[in-house]
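So you can see what is in the structure, the chains are spelled out below.
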Amino acid sequence: MAYADPQISDTSQPIIRQLDDSAINRIAAGEVVERPASAVKELVENAIDAGAARITVDIADGGKTLIRVTDDGCGMSPTDLPLALSRHATSKIDGSDLLNINTFGFRGEALPSLGAVGRLSITSRAQGQDAAQIRVAGGTIDPVKPAALRAGTVVELRDLFYATPARLKFMRSDRAETQAIGDVIKRLAMAEPSVGFTLRDVSGGGEGRVTFRADPLTGDLFDALHGRLATVLGREFAENALKIDATRDGVRLFGYAALPTYSRGAAVAQFLFVNTRPVKDKMLTGALRAAYFDFLSRDRHPAAALFLDCDPTLVDVNVHPAKSEVRFRDPGIARGLIVSSLRHALAEAGHRASTTVAGATLGAMRPETMAAQPDAHGAPRVYQMDRPSMGARNLSYGAQAPAQSQGVDADVPPAPGFAEMATAYSGRVMDAPTSPSATSATTDTESGLSDASGPQAEELPLGAARGQVHENYIIAQTRDGMVIVDQHAAHERLVYEKLKHQMAETGVAAQALLIPDIVELSQGDCARILAVADELNRFGLGIEAFGGGAIAVRETPAILGTVNAEAMVRDILDELDDQGESQLVQAKIEAILSRVACHGSIRSGRWMRGEEMNALLREMEATPHSGQCNHGRPTYVELKLADIERLFGRT
């Protein structure tokens, strides 16, 4: 059913009109300023481009009633203030080269758009100039007037979207908008470690409360970035992150990526930057996912803060009004650099697991706090072991006394000594070495690795095996703590890595089909899957064009057995549509290898000899990725002696 448009004249021929500046600015505001967080992003980026060293953001009611950005940048002269509120007026570029952009902003749309939908005031002072202020409300600009300001710029935006009240109906709660603003500030803080950021919520008036603060950092790039990430993402991320620094074909990748055992349940800790600009790019996030593909289960997501630096002419940032998307001239270089660099860093990490594993273990081991009952003085009672009776103490002393000689009194049996009781109740399953020769290395015929269980082995990362409990967990002693190893999960990963290495050397065996499977597709789907035919062929899936929109599947991976070729092809196409790449065939093959590794590894419940346990520890130290099993769970837990003593109140 057709409806009459009240904004178009009722004539047979529509009339083309030139929109006025007010309508143009409101339309632009709908593209550039989606919510209060978008306004904060534009204003803070302007402050960074102005060379500010400290930026303070004050908000009220989720930014709906007040956004105030104060910076100590270069400022603006009184004559520049009216020009700053004009559309497409900017100091960032001269317009001669739209590809060579080295600043956050360059369109000159933010300030006029904000002035069109809210009440905007700008107070600024450039060096050697007098301070001045200009106001604009609903697109109406007031004259410039003198103001008081020491240096920098203060931009104050009140009553956002008051001129377009319909937009207010689509705003979320104050809490949600405040969180979105905080996320924007944190992303920009990660991009600029040398700039200090303060976010203050002044809802209700007064000084308000600081919700985020990051002081400016100096020194080496990685030291400053590491410190800023610790402030923004938390100390745990900084402790469990791997340093990334690689260059390829003029593109540099640097930053930090977390260990696989420090993963998240959603992709909320993935931060990507291109020339310090925070971006949300499907190709880059897909590359990050591909790098961790073999180390995390499908429901876990990696955590990383990665920065791509390249010549501005190699990337186009002018593809989205919010500048959150970019286009690379050669996206394959950026993707390959991310995948290869992260996998290399993860391999260099070896058997390392995240410290959060030990923290979670210690938390699970802490006893529950009993309800404290006050004593006679009103202070909570400290529960201790009751003082033993005289009889109990005599028995205890007798048990700890040396064994008595039979010759003292023939009628009195010798009291049991402490050593005899220790033999009955000891949890040690391996005898301590009695001589230096006992600590010498012996060769384990099955693994080919040398076994060391003496003091020398305790200096190694995973220490020396001291026992096995429940026929599944190996207890090893290190120089300053202990390690608990899940023998099945650890050996499963070791076997899996060997199988992958063999597959990489010999390739994936393909099984030729007696009668090729013909899959009918659309022209677009056919072209899309043929574009990745070479990559699929590496994993044993051979396809070729069959005319029209059809393809012929002539080979399938032999390790998968009987395969529904059409279903696999369509699943691959779904992944290509959703993620721009497909890892379906590789995932299926590696799932088979994982199952083979599971059945071929040491089973839970098997008793292991001391040399076998130590050989397993040495092989874990020598094998990359052995810190997590095939599903991303840790294979061992390391507890420091200080933490163990704290559990028993010995500190």
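As shown above, the structure is provided for reference.
Remember, predicted model here, so these are calculated numbers, not experimental data. Position labels on residues start from 1 in each chain and follow its written sequence. Local features in this predicted model are restricted to residues of pLDDT 70 or higher, and side-chain atom pairs are both shown and tallied only at a pLDDT of 80 or more, whereas totals for entire chains, interfaces and linings draw on every residue. Only hydrogens and water are set aside when side-chain values are computed; all heavy atoms of the structure are taken into account.

Peer 1: Pulling in residues and values, what's your account of the overall build of the chain?
Peer 2: In terms of regular secondary structure, the chain is built from 21 helices and 25 strands. For the chain, with 651 residues in total, the buried portion stands at 44%. Per element, the accessible surface of the chain, about 34,500 Å² overall, is 52% carbon and sulfur. What counts as a helix is a DSSP run of H or I of at least four residues, what counts as a strand is a run of E of at least two, and both are numbered from the N terminus. Using a 1.4 Å probe on the protein chains alone, a residue whose accessible area is under 20% of its type maximum counts as buried, one over 50% counts as exposed, and one in between counts as partly exposed. For every accessible area listed, the method is Shrake-Rupley and the probe measures 1.4 Å; residues are considered covered only by the protein chains on display.

Peer 1: A description of the layout of surface pockets should follow, citing residues and the corresponding values.
Peer 2: In this model, the largest pocket occupies a volume close to 1,000 Å³. A 1.4 Å probe that fits into a set of points on a 1 Å grid over the protein atoms alone but cannot get out defines a cavity; an open set with protein on both sides within 12 Å along at least five of seven lines defines a pocket, and lining residues are those with an atom within 4 Å of a point. Every residue lining the largest pocket is counted, 35 residues in all, and those nearest its centre are Ala180, Asp183, Val184, Arg187 and Lys280. When residues of the lining of the largest pocket are traced back to their parent elements, those giving at least two are α2 (36-49), α6 (174-191), α7 (221-233), β12 (270-274), β13 (277-279) and α9 (282-291). Among the elements that take part in the lining of the largest pocket, α6 stands out by supplying seven residues, more than any other. Polarity classes work like this: nonpolar for Ala, Val, Leu, Ile, Met, Phe, Trp, Tyr, Cys and Pro, charged for Asp, Glu, Lys and Arg, and polar for all others, with Gly in that last group. Of the residues assigned to the lining of the largest pocket, the class counts are 18 nonpolar, five polar and 12 charged. Grid points are joined across faces, edges and corners, and a volume is the space filled by probe spheres set on the points.

Peer 1: Give a description of the sheet that holds strand β25 (residues 636-640) that names residues and reports values.
Peer 2: Here we have four strands laid out as an open sheet, ordered β19-β20-β21-β25, and antiparallel in their pairing. Of all the strands in the sheet, the pair left with one neighbour each is β19 (464-469) and β25. Between one strand axis and the next, the sheet turns through 20° on average, direction left out of account. We call two strands paired when DSSP finds no fewer than two bridges between them. Where strand β20 (residues 473-478) lies against strand β21 (residues 481-486), six bridges are found, and the strand directions are antiparallel. In the sheet register, Ile475 faces β21, and the bridge partner there is Ile484. A contact between two residues is defined here by any heavy atoms of the two lying within 4.5 Å. Convention adopted: a line fitted to C-alpha atoms gives each axis, helices being fitted over their contacting stretch, and angles between N-to-C directions are expressed from 0 to 180 degrees. The strands that helix α15 (residues 487-506) touches are β19, β20 and β21; relative to β21, the one it contacts most, it runs at about 70°. Helix-sheet contacts for helix α20 (residues 610-622) involve β19, β20, β21 and β25, and the interaxial angle to β19 is about 120°.

Peer 1: How would you explain the packing of α2 against helix α4 (residues 110-117) if you had to name every residue and give the values?
Peer 2: Between α2 and α4, whose axes approach to 10 Å, the crossing angle comes to 140°. Classified by the angle their axes make, α2 and α4 are oblique. Judged by the twist between their axes, the crossing of α2 over α4 is left-handed. Judged by residue contacts, Ala39, Glu42, Leu43 and Asn46 of α2 engage Ala110, Leu111 and Leu114 from α4. Classifying every residue of the contact of α2 with α4 by side-chain character gives five nonpolar, one polar and one charged. Put simply, angles under 35 degrees are roughly parallel, angles over 145 are roughly antiparallel, angles from 65 to 115 are roughly perpendicular, and the rest are oblique. Each crossing gets its hand from how the near helix is turned against the far one by less than a right angle, where anticlockwise is left-handed and clockwise is right-handed.

Peer 1: Residues and numbers for the side chain of Gln133, please.
Peer 2: With respect to the helices and strands, Gln133 occurs in strand β4 (residues 132-137). A polar side-chain atom of Gln133 sits 2.8 Å from a polar atom in the side chain of Thr123. In this view, Gln133 contacts Leu81, Ile122, Thr123, Pro143, Val144, Lys145 and Ala147; residues no more than four positions away in its chain are not counted. Identification of polar contacts relies on pairs of N or O atoms within 3.5 Å, with a donor-acceptor requirement for protein atoms, meaning one able to donate a hydrogen and the other able to accept it, and with residues adjacent in sequence counted only if both atoms are side-chain atoms.

Peer 1: Which residues make up the sheet that holds β13, and what are the values?
Peer 2: Taken in spatial order, the five strands make up an open sheet running β10-β11-β14-β12-β13, and their pairing is mixed. Since the sheet does not close on itself, it has two edges, and those belong to β10 (241-248) and β13, each with one partner. With direction set aside, neighbouring strand axes in the sheet form an average angle of 20°. In this sheet, strand β14 (residues 304-309) lies alongside β12 in parallel orientation, the contact comprising five bridges. When the bridges of β14 are listed, Phe271 appears paired with Ala305. Strand contacts of α7: β10, β11 (251-258), β12 and β14, with the helix running at about 40° to β11, the strand carrying the most contacts. Packing of helix α10 (residues 331-348) onto the sheet brings it into contact with β10, β11 and β14, and relative to β10 it is tilted by some 140°.

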